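# Working through the structure, step by step
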Amino acid sequence: MNTKQRILIIGGVAGGASCAARTRRQSESAEIIIFDRGSFVSFANCGLPYYVGDVITDEKKLLVANTQLFKQRFNIEVRLENEVLEIDRDAREISVKDLNSGQVYRERYDALVLAPGASPLRPPLPGIDLPGIFALRTIPDSRRIREWIVERQVQQAVIVGGGFVGLEMAENLVKRGIAVTLLEMLPQVMPPLDPEMVTPVHDRLMAHGVQLRLGDGVTGFEQTSEGTLIVSTKSGEKHPADLVILGIGVRPETQLAKDAGLDIGDRGGIRVNEQMRTNDDHIWAVGDAVEVRDWVTGEWMLIPLAGPANRQGRVAADAICGRNTTFRGVQGTTVCGVFGLIVAATGASEKTLKRVGMAYEKVYLHPGHHVGYYPGAKPIDMKLLFSPQEGRILGAQAVGEEGVEKRMDVIAMALQNQATVFDLEEAELCYAPQFGAAKDPVNLAGMVAANVLRGDAPIIHWDKLADDEALLLDVREIGEFEAGHVEGALNIPLTQLRDRVHELPKDQKIAVYCQVGQRAYYATRALRLQGFDAHNLTGGFKTYKAVQ
């Protein structure tokens, strides 16, 4: 791009900053100005809970860049504490207020990029604005929380919401010696995941002293005569708190776009095309304020994640500079750390696939993150969702202490490339004893799913077992069976199965299970080769306990 353009960007965090820097790398002649009503540009808001928790002790570490760096390295002007009030599409001008001087002025643009982000939800509940109730979205928010903890000598905190921010704040407050109660109106934390996959997260939270209250929404807040807070819930419980953190989600900042007459989608975000362009040819939008296409379902959705926001900024910059570029959509690849537990997901959940009516099959497995003979192997609880026709990967979720995000990244790339479970089966991945296994957990997930599709090891799901009249066969050892089993199960250990196969009926379906699924697979194959109608209960007794 050689023609000099004036490119104005509203918002200077992930999407806006990425767009500005990318535009400069495409054009030395363009005039680029970032406007942000906040006091910081390009800061790491994903690190804020860890700053509150003193894991990150130096606030400056949260600053990815500053105004001087943008000017010196990229020749980009950044105007902080300057709020854009209005977009005049006909004149191609914006109205800006300098929040320090109060001056209102106008700026002309050839291309305008909206990257205003999203704001924390604050529902209109009684007492929501009382002192001591905070949301966490910016560096000043984290400062205020840190100061409140010290000044009020906070001993008890209530966190409202069990999403990423809620869980990360729970961990960091506990690390600061603060007793935490976590309230979630849904029956599970981490709502994007399927409920059985977050059972280990619930257990881990409670093991670290978090008082977990699920299925109980907040109805209001009160202040006591001592200045502390009382959080009331629908169940009638009242939770005392010195500090309340609101982590109930975010809402896209779209008022500027609405006032300018730009299209807003059904989900409440700015509607854009594949080049991140709005319905105005001179205006683009990126980041948490826009709606994007779900890569799996094709639905419009809101995904407030830093990775997609950065990629959208690059796409918008390339489009402004005349390059042929598209944003392919979002598959929602996420990871969260909770008291040493890693929770990760990519693609569609089972809940989503049910809601949109997409056909799917699923398997569960619990492999070690590396070979068992090398010290320190940790199990990974995995769930893989795939098309029952061609085996195309639709989504995956995993929980464990080690190696979880590595496997989810591999599956995320496979999903992005519309790969199948047969591709996972054949994937060639790194192996050394301390890092994995010759059959990596990713390979195993593909193998288990491929066995289902080939008919080698048909499966039954625990949540459907009550509707099935199958004989329930437990092939674990006697001691395992006596320590806990499914009511009504017949116990024939795998080591005895060939000698006792005559005890099983050939005219009845047999549902086989073990602890995690592997021995049941061996038993299922042996029985099927002898003419029995055997099916593997996917995920074994471990998954059974998770779905109860």
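So, a few notes on the structure that sits alongside this text.

Conventions we followed
- Residues numbered from 1 in each chain as written.
- Predicted model: local features only at pLDDT ≥ 70, side-chain atom pairs only at ≥ 80, totals over all residues.
- Heavy atoms only, no water.
- Pairing = 2+ DSSP bridges.
- Helix = DSSP H or I, 4+ residues; strand = E, 2+ residues; numbered from the N terminus.
- Axes fitted to C-alpha atoms, helices over the stretch in contact; angles between N-to-C directions.
- Left-handed = near helix turned anticlockwise from the far one by under 90°.
- Contact = heavy atoms within 4.5 Å.
- Salt bridge = Lys/Arg side-chain N within 4 Å of Asp/Glu carboxyl O.
- Buried < 20%, exposed > 50% of the residue type's maximum accessible area, 1.4 Å probe, protein only.
- Polar contact = N/O pair within 3.5 Å; in protein donor to acceptor, adjacent residues only side chain to side chain.

## Brief notes about the sheet that holds strand S1 (residues 6-10)
Spatially, five strands are ordered S3-S2-S1-S7-S18 in an open sheet, and the strand pairing comes out parallel. If you trace the sheet from one side to the other, it starts and ends with strand S3 (77-80) and strand S18 (283-285), each paired once. With strand direction ignored, the average angle separating the axes of adjacent strands in the sheet is 20°.

## Here's the deal with the sheet that holds strand S4 (residues 82-88)
Taken in spatial order, the three strands line up as S4-S5-S6 in an open sheet, and their pairing is antiparallel. Of all strands in the sheet, those bounded by a partner on one side alone are S4 and strand S6 (104-108). Strand-to-strand, the axes of this sheet are offset by a mean angle of 30°, without reference to chain direction. As defined by bridge partners, strand S5 (residues 93-98) adjoins S6 across five bridges and the pair is classed as antiparallel. Across the sheet, the residue bridging to Ile-94 is Glu-107, located in S6.

## A look at the packing of helix H1 (residues 14-26) against helix H8 (residues 306-320)
Relative orientation and spacing of two packed helices are given, respectively, by the angle between their axes and the distance between those axes. It is the contact of H1 with H8, at a shortest axis distance of 7 Å, that shows an interaxial angle of 35°. Our pair here, H1 against H8, has a crossing hand that is right-handed. Judged by residue contacts, Ala-14, Gly-15, Ser-18, Cys-19, Arg-22, Thr-23, Arg-25 and Gln-26 of H1 engage Ala-306, Ala-309, Asn-310, Gly-313, Arg-314, Ala-316, Ala-317 and Asp-318 from H8.

## A short note on the pattern of salt bridges
A complete count under the given rule lists 39 salt bridges for this structure. When the shortest N-O distance is used, the salt bridge between Arg-79 and Glu-77 registers 2.8 Å. Here Arg-79 falls in the buried class, since its relative accessible area comes to 17%. Its salt-bridge partner being Glu-107, residue Arg-79 comes within 2.7 Å of it at the nearest N-O pair. Of the two residues, Arg-79 sits in strand S3 while Glu-107 sits in strand S6, which places them 28 residues apart along the sequence. The burial state of Arg-79 is the same as that of Glu-107; both residues are buried.

## Focus: the pairing of strand S7 (residues 111-114)
Of the two faces of S7, the one lined by Ala-111 and Val-113 and the one lined by Leu-112 and Leu-114 are each fully buried. Pairing between S1 and S7: four bridges, direction parallel. Bridge pairing in S7 links Leu-8 to Leu-112. Bridge count between S7 and S18: three bridges; the pairing is parallel. In the sheet register, Leu-112 faces S18, and the bridge partner there is Ile-283.

## So, the environment of Tyr-431
When you line up the elements, Tyr-431 lands in the loop between helix H11 (421-426) and helix H12 (441-454). Taking the C-alpha atoms as reference points, Tyr-431 and Val-150, separated by 281 residues in sequence, lie 48 Å from one another. Every residue in contact with Tyr-431, bar those within four places of it in the chain, is listed here: Val-371, Tyr-373, Gly-436, Ala-437 and Ala-438. At a separation of 3.3 Å, a polar atom in the side chain of Tyr-431 contacts the side chain of Tyr-373.

## Some points on helix H16 (residues 540-547)
Residues of H16 that are buried: Gly-540, Phe-541, Thr-543, Tyr-544 and Ala-546. Contacts made by the buried residues of H16 are with helix H6 (199-207), strand S23 (361-365), strand S29 (510-513) and strand S30 (534-537).

Keep in mind these values describe shape, not function.
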